[in-house]
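A closer look at the structure
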Amino acid sequence: MRIDVVSIFPEYLSALDLSLIGKAREQGLLQLTVTDLREFTADRHRTVDDTPYGGGAGMVMKPEPWALALDAARTRGPAAAGAPEQRPVLVVPSPAGEVFTQATARELALREHLVFACGRYEGIDERVVEWSREHFEVRPMSLGDYVLNGGEVAVLAMVEAIGRLVPGVIGNPESLVEESHAEGLLEYPVYTKPALWRDRPVPEVLLSGHHGRIARWRRDRQLQRTAARRPDLVAALDPAGLDRADRDV
Ligand SMILES: Nc1cc(-c2cccs2)n[nH]1
């Protein structure tokens, strides 16, 4: 998978050099390029913003640098060998986007080329989004109903959520199965040594070695936790995915 990120603060994305995503880049599982939008300006001051038409506070990001930067990202490097001709996905972090979920991460982890446009100020001139539709599948994307100062933080979260689902990035794919949201439920509580810590014991069943009982206990905790903390997820559950014992929780 190829990932391009365009930002006026490329150093913000240096966290993607670290840990799991950094290792996947070294292994060639992910090709990630971060580009400074200001490289695509033509004036001495490297201007990327201007006042909004129609008035109002703040500044809007100018269209031309974005068009040049996105075209460069789209055409950079050879198309992956053998990959079907897919248009790259242009993800535009925005509080006005569709909400990014684990399902979105799973969907985007299957794509060959993702380009992330980190907007700042009051946003990017809307004509860039319209212009991009010719060569990209354009996806305005929100992390949630709160406002950030720029798209970089959202891109860090999305690249991690997507990247970890790319085959080979996580050493043990088993650990992807029971994590929160993997199947619409929150994950169960976890424990490790010591068995007694500050007068708090580990739940007895987990020390029993009885795998069936442990699996049932964990599933019950997932259902109870989801019902308590995220009733919206319970409402969205597919009843066909629940077994009889689930219904008794
Ligand atoms: N969910 C979300 C995205 C954003 C921003 C993206 C770019 C500037 S602000 N705020 N909140």
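Residues numbered from 1 in each chain as written. Predicted model: local features only at pLDDT ≥ 70, side-chain atom pairs only at ≥ 80, totals over all residues. Heavy atoms only, no water.

1. Overview of the site of the ligand
Condition: Put simply, a residue is near a molecule or strand once any heavy atom of it comes within 4 Å of that molecule or strand. Counting of polar contacts relies on pairs of N or O atoms within 3.5 Å, with two restrictions inside protein: one atom must be capable of donating a hydrogen and the other of accepting it, and residues adjacent in sequence are counted only when both atoms are side-chain atoms. The protein chains shown are the only cover counted for residues, whose accessible areas, like all others here, come from Shrake-Rupley with a 1.4 Å probe.
The ligand sits among Pro93, Ser94, Pro95, Gly119, Ser142, Leu143, Gly144, Tyr146, Val147, Leu148, Gly150 and Gly151. Leu143 places a polar main-chain atom, nitrogen or oxygen, 2.9 Å from a nitrogen atom of the ligand. In the environment of the ligand, a nitrogen atom lies 2.9 Å from a nitrogen or oxygen atom belonging to the backbone of Leu148. Protein coverage of the free-state accessible area of the ligand, which is 310 Å², stands at 93%.

2. Quick word on the nonpolar core
The test is simple: What makes a nonpolar core is a set of buried Ala, Val, Leu, Ile, Met, Phe, Trp, Tyr and Cys residues whose side-chain atoms join them at distances within 4.5 Å. Per-residue accessibility, obtained with a 1.4 Å probe over protein chains only, is compared with the maximum for each type, and a residue is labelled buried under 20%, exposed over 50%, and partly exposed between these values. The way it works is that DSSP assigns letters per residue, a run of H or I at least four long becomes a helix, a run of E at least two long becomes a strand, and they are numbered from the N terminus.
Formed by 29 residues in total, the largest nonpolar core has its most connected members in Ile3, Phe100, Leu108, Phe116, Met158, Val159 and Ile162. Elements represented by at least two residues in this core include exactly β1 (2–7), α1 (19–26), β5 (89–99), α3 (102–108), β6 (113–117) and α5 (152–163). Top contributing element to this core by residue count: α5, with seven residues. Counting 19 residues, the second largest nonpolar core, distinct from the first, contains Val6, Leu37, Ala69 and Val128.

3. Considerations on helix α6 (residues 211–229)
Heads up, the rule is: Take the number of residues in a helix, subtract one, and multiply by 1.5 Å to get its expected span. In what follows, residue pairs with any heavy atoms lying within 4.5 Å of each other are defined as contacts.
The first and last C-alpha atoms of α6 sit 27 Å apart over 19 residues, in line with the 27 Å expected at 1.5 Å per residue. Elements in contact with the buried residues of α6: α7 (231–236) and α8 (244–247).

4. Focus on the domain arrangement of the protein chain
Many analyses report the size of an interface as the accessible area lost when the parts associate. For the record, the criterion: By convention here, the domain bounds are inherited from an automatic or database domain assignment.
If you check the domain split of the protein chain, you get domain 1 (2–163) and domain 2 (183–248). The C-alpha centroid of domain 2 is placed 37 Å from the C-alpha centroid of domain 1.

5. Topic: the sheet that holds strand β2 (residues 31–36)
Which entries qualify depends on this criterion: In short, DSSP must find at least two bridges between two strands for them to pair. Each axis is a line fitted through C-alpha atoms, taken for helices only over the stretch in contact, and angles between the N-to-C directions span 0 to 180 degrees.
With respect to topology, five strands assemble into an open sheet ordered β2-β1-β6-β5-β7, the strand pairing being parallel. Taken across any chain shown, the strands that pair with only one partner, and hence form the sheet edges, are β2 and β7 (137–142). Between one strand and the next, the sheet's axes are offset by a mean angle of 30°, whatever the strand orientation. As defined by bridge partners, β1 adjoins β6 across five bridges and the pair is classed as parallel. Of the residues in β6, the one forming a bridge with Arg2 is His113.

6. Focus: the pairing of β5
Bridge count between β5 and β6: three bridges; the pairing is parallel. Bridge pairing in β6 places Val89 opposite Leu114. The sheet contact formed by β5 and β7 spans seven bridges and is parallel. Its bridge partner being in β7, Val91 is matched across the sheet by Arg139.

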